[in-house]
Amino acid sequence: MSLDPPTYLASLQSNIRQRPIPWDGAVRAGTLTEEQLARIRSVDKVKKDVRKHTIESDLEGYSALFVGGSGKKSVLELAAKRQDVVQYILVLLNDLLTTVPALSKALAKTGDPYQHFNPLLGHRTVTDDPIPLLTSTVLVSLMAGSRDESQAASKALPLIYSYLSSLTTNSDAGLQDIGVQEYSSLLYGRVPRAQFWEQRSETVAPLVKILRAAAGIGSGGDATASLWSGTTNPSRSGFEGSLSGGVGLQLLYHVLLVIWQLSFEAADIGDDLNKEYDFIALYTQLLRLSPKEKTTRLLLSTLLNILTANQNTLLAIAVLARLPTLLETLKTRQFNDPDLREDLDRLRELLEEYTKTKTTFDEYVGEVNSGRLHWSPPHRNTVFWAENARKILDYENGALIRKLVDIMKQPWEDDKSVLAIACNDVGCLVREVPEKRGQLEKLGLKTRVMELMGEADENVRWESLRALGGWLQYSFDTK
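Sequence order as written defines residue numbering, which begins from 1 separately in each chain. With pLDDT at 70 or above as the cut-off, local features in this predicted model cover only qualifying residues; side-chain atom pairs require 80 or more to be listed or tallied, and sums for whole chains, interfaces and linings still use all residues. Side-chain numbers here rest on the full set of heavy atoms in the structure, without hydrogens or water.

- Going by what an unreviewed UniProt entry lists, the protein is known as V-type proton ATPase subunit H and is assigned to Podospora pseudoanserina.
- Listed in UniProt under the heading Function (unreviewed entry), the comment for the protein reads: "Subunit of the V1 complex of vacuolar(H+)-ATPase (V-ATPase), a multisubunit enzyme composed of a peripheral complex (V1) that hydrolyzes ATP and a membrane integral complex (V0) that translocates protons. V-ATPase is responsible for acidifying and maintaining the pH of intracellular compartments." UniProt positions are given in the numbering used here, feature names are shortened, and annotations may be inferred rather than shown by experiment.

1. Topic: the overall build of the protein
- Looking only at helices and strands, one finds 28 helices and 0 strands in the protein.
- Across its three principal axes, the protein shows a C-alpha extent of roughly 100 × 50 × 40 Å.
- A total of 479 residues make up the protein; the buried ones form 53% of that total.
- Sequence-distant contacts in the protein: of pairs separated by 6 or more residues, those separated by 24 or more amount to 71%.
- Calculation of accessible area relied on Shrake-Rupley with a 1.4 Å probe; when residues are assessed, cover is drawn exclusively from the protein chains displayed. Summed over all atoms, the accessible surface of the protein reaches about 21600 Å², with 49% contributed by carbon and sulfur.
- Only four residue types enter the tally: Lys and Arg on the positive side, Asp and Glu on the negative side, with His and both chain ends excluded. To locate a charge, the coordinates of NZ of Lys, CZ of Arg, CG of Asp or CD of Glu are taken. Charged side chains of the protein number 55 positive and 60 negative; the gap between the two group centres comes to 1 Å. Put simply, DSSP marks the helices as runs of H or I at least four residues long and the strands as runs of E at least two long, and each gets a number from the N terminus on. Accessibility here uses a 1.4 Å probe with only protein chains present; expressed as a share of the type maximum, an area under 20% marks a residue as buried, one over 50% as exposed, and anything in between as partly exposed. A contact between two residues is defined here by any heavy atoms of the two lying within 4.5 Å.

2. Regarding the pattern of salt bridges
- The salt bridge criterion pairs a side-chain nitrogen of Lys or Arg with a carboxyl oxygen of Asp or Glu, the two atoms within 4 Å. Counted according to the given criterion, the structure contains 27 salt bridges.
- As a salt-bridge pair, E56 and K52 come within 2.9 Å of each other at their nearest N and O atoms. With a gap of 4 residues between them, E56 and K52 both fall in helix α4 (residues 48-56), about one helical turn apart.
- A relative accessible area of 37% means that E56 is categorised as partly exposed.
- For K52, a relative accessible area of 34% translates into the label partly exposed.
- One salt bridge in this structure joins E352 and R348, with 3.4 Å as the shortest N-O distance. Taken together, the residues E352 and R348, both in helix α21 (residues 338-357) and 4 residues apart, mark about one turn of the helix.
- When its relative accessible area of 36% is taken as the criterion, E352 is described as partly exposed.

3. Section: the packing of aromatic side chains
- The aromatic pairing rule takes the rings of Phe, Tyr and Trp, using the six-membered ring of Trp, and pairs them if the centres are within 6.5 Å, calling planes under 30 degrees apart stacked, those over 60 edge-to-face and the rest tilted. Taken as a whole, this structure holds 10 aromatic pairs when the rule is applied.
- Ring centres of Y364 and W385 lie 5.6 Å apart, and the angle between their planes is 80 degrees; on these two criteria the pair is classed as edge-to-face. Note that Y364 is positioned in helix α22 (residues 360-370) and W385 in helix α23 (residues 382-394), a separation of 21 residues in sequence. In terms of burial, Y364 and W385 fall into one category: buried.
- Among the aromatic residues, those joined into a cluster by ring pairs are Y161, Y183 and F196.
- The residue whose ring lies beneath K294 is Y253, and the NZ or CZ to ring-centre distance is 4.7 Å.
- For a Lys NZ or an Arg CZ to count as sitting over a ring, it must be within 6 Å of the ring centre and within 35 degrees of the ring normal. The ring of F361 has K391 sitting right over it, with the charged end atom 4.2 Å from the ring centre.

4. A word on α23
- In a regular helix each residue adds 1.5 Å, so 13 residues correspond to 18 Å; α23 covers 19 Å between its end C-alpha atoms and thus fits that length.
- The angle between axes fitted to the seven residues ending at a residue and the seven residues starting there is what we call the bend at that residue. The sharpest bend along α23 comes to roughly 55 degrees, located at N388.
- Buried within α23 we find F384, W385, N388, A389, I392 and L393.
- Against α22, α24 (399-409), α25 (417-432) and α26 (437-442) lie the buried residues of α23.
- N-cap assignment for α23: the residue whose side-chain oxygen lies 2.9 Å from the backbone N of V383 is N381.
- Immediately downstream of α23, the backbone of E396 shows phi near 45 degrees, a positive value. Take the residue count of a helix, subtract one, and multiply by 1.5 Å to get its expected span. We define a polar contact as two N or O atoms separated by no more than 3.5 Å, with the added condition that, inside protein, one atom must be a possible hydrogen donor and the other a possible acceptor, whereas residues neighbouring each other in sequence contribute only through side-chain atom pairs.

5. Regarding the packing of helix α8 (residues 101-108) against helix α9 (residues 131-146)
- Axis geometry follows a simple rule: fit a line to the C-alpha atoms, using only the stretch in contact for helices, then measure angles between N-to-C directions, giving values from 0 to 180 degrees. Between α8 and α9, whose axes approach to 8 Å, the crossing angle comes to 95 degrees. The angle between α8 and α9 places the two elements in the roughly perpendicular class. The segment α8 lies against α9, with S104, K105, L107 and A108 engaging S141, L142, G145 and S146.
- Here the residues of the contact of α8 with α9 are counted per class, giving 3 nonpolar, 4 polar and 1 charged. For this classification, under 35 degrees means roughly parallel, over 145 means roughly antiparallel, 65 to 115 means roughly perpendicular, and everything else is oblique. Residues were grouped as follows: Ala, Val, Leu, Ile, Met, Phe, Trp, Tyr, Cys and Pro as nonpolar; Asp, Glu, Lys and Arg as charged; and all remaining residues, including Gly, as polar.

6. A closer look at the side chain of E367
- Position of E367 among the secondary structure elements: in helix α22.
- Summary of buried charges: E367 has no salt-bridge partner, and the nearest side chain of opposite charge, R372, is 9.0 Å away.
- Side-chain polar atoms of E367 contact the side chain of S376, separated by 2.6 Å.
- In contact with E367, other than residues within four places in its own chain, are A316, I317, L320, R372, L373, H374, S376 and H379.

7. Some words on a nonpolar patch on the surface
- Exposure above 30% relative accessible area and no salt bridge define the residues that can form patches, which grow by joining like charges within 9 Å and nonpolar side chains of Val, Leu, Ile, Met, Phe, Trp and Tyr within 5 Å. On the surface, M450, M453, W462 and L465 cluster together to form a nonpolar patch covering roughly 410 Å² of accessible area.
- Examined against the element boundaries, M453 turns out to sit in the loop between α27 (445-452) and α28 (458-477).
- According to the relative accessible area criterion, M453 is partly exposed, its value standing at 32%.

8. Describing the environment of E35
- Inspection of the secondary structure puts E35 in helix α3 (residues 34-43).
- Placed 19 residues apart in sequence, E35 and I16 show a C-alpha to C-alpha distance of 23 Å.

Written out as structure tokens, the structure is:
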């Protein structure tokens, strides 16, 4: 999938191409050899068809030029002290990789071409040094162009992803977009996608932060609660140029594209993706706000991939996030994209089939099993607890309660509302089925509730106090 190069990167590369390099003097100084210069001149500033023919006729020679071979150093090694030459060579090499696909494959076959470039990613001690950025572009073009999933590529990926993460977390939207586009180029197969997910605190988390900003969602439990209640307040002015949080439409599209590519691993990552990033609710909110068909298409396709692969756990979450209602609204709109319409219909059918047979109790089970709680309707519904408290305790020999225990054991630093909701549920269980109090105490729930009374979050303190009140009331009533 080819994307137009970001403006900042294209401008930087263009400026470097136009810089005069005293090549003959560089040869005399030992910065490169006569043979290397001859090869450079044969492909520099010539027509693309000439360049392509020249390289394809001498793949071994051009591979040696850039990564060395037969005991000879590469041009980058020889020119290491000449930053202007290194920058020029990196831009030239990227041009060659993008116009002559055979060169990527030839370099990949040399064993480990990445080791020659990885050290250049570390040139971050000098402010505004373009070498790491130019190097990352070369590495991405090389790896993506050859579709390399070798051991050498797997070894190089973590460093590349870490560098690109420094771009996506930059305050400059232009650098963010470069990092995101380079991510997209790399997610061509299972190996790079698996590594991308393995480094999700560096890779996925900053992208989710961008999406939350676009949806008008801050950080913390209050923001998450507003996401589920549908009370987020994104700025809709300027939709033609940017969304809330100053997120441009181009950056939004590229981030959605990366997450869509990652969603092809939905069977492996879907549950954790939702648990860690509240993914279903976030994407439902983004779908409500989507300003263009191309963003709507990516949102629907990603949701379809994730939900299809995780029906037992995430369809209940989609219902709680009111996705079915939103899809019915979208169905009334006139979309031109046939793929979008097809994904919309498939997603509607999937959720309709699920909701035909599922009860509120099933939805609650699905929410608890997802590993993350939200203020969905059952939690505050006294009728629900009166009818289902005993079923919850007995479900699969106590499996649901053990899952609730696991949820309460976590600190939930990013969303304290999860702990408040869990305390609410424990209190409801104690009040509705007081004779099961001993079972809950043995699981450590009373102890955990008492611990949470010391939480800084006032909602957690209040709900833990209410839950403990159930135990105390029962104790007094039995005396």
